[in-house]
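Observations on chain architecture
Listed here are the chains, written in short residue letters.
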Amino acid sequence: MIFDLDPQVLTILILLGFLAAFIDSVVGGGGLIALPALLFVGLNPTAAVATNKLAGTMGSLTSVISFYRSGKLDFGSVIKYFPLAFIGSLIGAWSVTLISPDILKPLMLIMLAAVGVYTIFKKDWGGSTTIKKLSPVRIFGLIFLLLAIGFYDGFLGPGTGSFFIFTFLMLGLDFLKAAGNAKFLNLGSNMAALLMFVYLDEVHYIYGFIMGIAQIFGAIVGTQFAIKKGSTFVRKLFIIVTMTLLLKNTYDYFFS
């Protein structure tokens, strides 16, 4: 039980859980911190991913509530996309039992690079909200894209927050509202993957709940900090996290 845990393990789960949620609550990428922490305390890779989904769901729900209360989450328009992220992630998590996630890693690296470079050079992008009307073709493309990102989150995961935010930026939202809407869909994809991992009995509940409680507090602080600083801050953090994800996963792909 919790009282029998090594103090060092508790400290790692709490401190790194808080830090992971602080970043993840705004632009995603918390897995860069949370997953190595869970591996360090002794979980195998599958259990670490599954346990991170439990903690991440707790943190994501907290972020969603904070964004909604601040008016930075357009619940009425984004709720219709929630099932797409949920169903896609459920299928993706199930697919992990059939094929190796490694097959998506090269595509993930290309997509992260494209997202990062595009955002860096399009300097005025996401500074204000200018909603774009979607044609039937673009609506179909959006549905496919959100299903694909959801699938990716359940199947592999790193960079999901960046991809969701990028999608809402393309729809014309500013960075802060894009982050709020993206976090809502990320909650859906986290929940779906968590359900599948619970079914597969891969979740370490003690570690997951400890890190999850830390992530609740990290999400509260991170979300409020982002709301206070505004879209300019979120844009900078988005670029930093996206490029860090790219460098980290490129290194892992070629040298691990």
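Predicted, not measured: the structure shown is a model, and the values here were computed from it.

**Considerations on the packing of aromatic side chains**
- Applying the stated criterion to the full structure yields 11 aromatic pairs.
- Residues Tyr-253 and Phe-254 carry aromatic rings whose centres are separated by 5.0 Å and whose planes lie at 85 degrees to one another, so their mutual orientation is edge-to-face.
- Overall, Tyr-253 belongs to the partly exposed group, its relative accessible area being 37%.
- Relative accessible area serves as the criterion here: at 56%, Phe-254 is assigned to the exposed category.
- One aromatic cluster in this structure is built from Tyr-68, Phe-75, Phe-82, Phe-86 and Phe-184.

**Details of the nonpolar core**
- Val-27, Ile-165, Phe-168 and Leu-185 are the most contacted members of the largest nonpolar core, which has 65 residues in total.
- It is helix α9 (residues 175-199) that contributes the most residues to this core, nine residues altogether.
- Leave out the neighbours within four places in its chain, and Leu-185 touches Val-78, Tyr-81, Phe-82, Ala-85, Leu-146, Phe-164 and Phe-168.
- Leu-54, Ala-93, Leu-194 and Met-196 belong to the second largest nonpolar core, which has nine residues in total.

**Some details on the packing of helix α8 (residues 160-170) against α9**
- Where α8 contacts α9, the axes come no closer than 8 Å and their chain directions differ by 130 degrees. Considering the angle they form, α8 stands oblique to α9. In this structure, α8 meets α9 at a crossing whose hand is right-handed. Together, Thr-160, Gly-161, Phe-164, Ile-165, Phe-168 and Leu-169 of α8 and Phe-175, Ala-178, Ala-179, Asn-181, Ala-182, Leu-185, Asn-186 and Ser-189 of α9 make up the contact between the two elements.

**Focus on the pattern of salt bridges**
- Applying the stated criterion across every chain, the model contains three salt bridges.
- With a shortest N-O distance of 2.9 Å, Asp-153 and Lys-53 are connected by a salt bridge. Of the two residues, Asp-153 sits in helix α7 (residues 136-155) while Lys-53 sits in helix α3 (residues 45-70), which places them 100 residues apart along the sequence. As far as burial versus exposure is concerned, Asp-153 and Lys-53 are alike and both buried.

**With respect to the packing of α9 against helix α11 (residues 231-255)**
- Axis separation between α9 and α11 bottoms out at 7 Å; the angle between their running directions is 65 degrees. On the side of α9, the interface is formed by Phe-175, Leu-176 and Ala-179, while α11 contributes Ser-231, Val-234, Arg-235 and Phe-238.
- Tallied by class, residues from the contact of α9 with α11 come to five nonpolar, one polar and one charged.

**Re the side chain of Asn-249**
- Within the secondary structure, Asn-249 is located in helix α11.
- A polar side-chain atom of Asn-249 sits 2.8 Å from the main-chain carbonyl oxygen of Leu-245.
- Beyond its immediate stretch of four places on either side in the chain, Asn-249 contacts Met-108, Leu-109 and Pro-158.

The rules behind each value
Residues numbered from 1 in each chain as written. Predicted model: local features only at pLDDT ≥ 70, side-chain atom pairs only at ≥ 80, totals over all residues. Heavy atoms only, no water. Phe/Tyr/Trp six-rings, centres within 6.5 Å; stacked < 30°, edge-to-face > 60°. Buried < 20%, exposed > 50% of the residue type's maximum accessible area, 1.4 Å probe, protein only. Core = buried A, V, L, I, M, F, W, Y, C linked by side-chain atoms within 4.5 Å. Helix = DSSP H or I, 4+ residues; strand = E, 2+ residues; numbered from the N terminus. Contact = heavy atoms within 4.5 Å. Axes fitted to C-alpha atoms, helices over the stretch in contact; angles between N-to-C directions. Parallel < 35°, antiparallel > 145°, perpendicular 65-115°, else oblique. Left-handed = near helix turned anticlockwise from the far one by under 90°. Salt bridge = Lys/Arg side-chain N within 4 Å of Asp/Glu carboxyl O. Nonpolar A, V, L, I, M, F, W, Y, C, P; charged D, E, K, R; others polar. Polar contact = N/O pair within 3.5 Å; in protein donor to acceptor, adjacent residues only side chain to side chain.

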